[in-house]
Amino acid sequence: MSEEEDNENFGALPEPAPARDTSVTKPIGIPSQRAAEGGGTRRERGLAGPRTGFIQRTRQFVHDTRAEMRRVSWPTANEVKNTTIITLIAVVFFAIYLFGVDRVWSFLIDHLKTWLGA
């Protein structure tokens, strides 16, 4: 190769290999379940039988939601008060800590600037 050819190809990536034609290697088998059902209707996995109506599904959702909410163990008012106080104390502590760290760093940076003559 000449020096001009080296300069032309410097940093160039090699050409990618041509894409394989995978249409020949696809297995020919039974049609998909969607095609067997007669088209593009989308169904949830494991759902058997006809689809239910909007109102019936909404009613079932509300029923399931109420049943689940009955199983929830709700905290007492005293527990809520205690966890709220702990959270507020933690927030105040970290606010003071970060304020202190910020003040120390800004003091150091300001004095570093004056020591370096900026």
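Everything below is about the structure printed above this text.
Residues numbered from 1 in each chain as written. Predicted model: local features only at pLDDT ≥ 70, side-chain atom pairs only at ≥ 80, totals over all residues. Heavy atoms only, no water.

### Description of the overall build of the chain
A count of helices and strands for the chain gives four helices and zero strands. Counting over 118 residues, the chain shows a buried share of 1%. A total of about 12,100 Å² of accessible surface is found on the chain, and carbon and sulfur atoms cover 62% of it. (Helix = DSSP H or I, 4+ residues; strand = E, 2+ residues; numbered from the N terminus. Buried < 20%, exposed > 50% of the residue type's maximum accessible area, 1.4 Å probe, protein only. Areas by Shrake-Rupley, 256 points an atom, 1.4 Å probe, with all protein chains shown as cover.)

### Side note on the pattern of salt bridges
A complete count under the given rule lists one salt bridge for this structure. The partner of Glu68 in a salt bridge is Arg71, with the nearest N and O atoms 3.0 Å apart. Of this pair, Glu68 and Arg71 are both found in helix α3 (residues 54–71), three residues apart, which corresponds to roughly one turn of the helix. Residue class for Glu68 comes out partly exposed when judged on its relative accessible area of 45%. (Salt bridge = Lys/Arg side-chain N within 4 Å of Asp/Glu carboxyl O.)

### With respect to helix α4 (residues 77–116)
Look at α4: 58 Å from first C-alpha to last across 40 residues, which is about the 58 Å you get at 1.5 Å a residue. Positive phi shows up at Gly117, right after α4, with a value of about 85°. (Expected span 1.5 Å × (residues − 1).)

### A closer look at a nonpolar patch on the surface
Together, Phe93, Phe94, Tyr97, Leu98, Val101, Val104, Trp105, Phe107, Leu108 and Ile109 give the surface a local cluster of nonpolar side chains, amounting to about 1,000 Å² of exposed area. Its place among the elements puts Tyr97 in helix α4. Of the residues examined, Tyr97 reaches a relative accessible area of 48% and is grouped as partly exposed. (Patch = residues over 30% accessible without salt bridge, like charges linked within 9 Å, V, L, I, M, F, W, Y side chains within 5 Å.)

Geometric descriptors of this kind do not, in isolation, establish any biological role.
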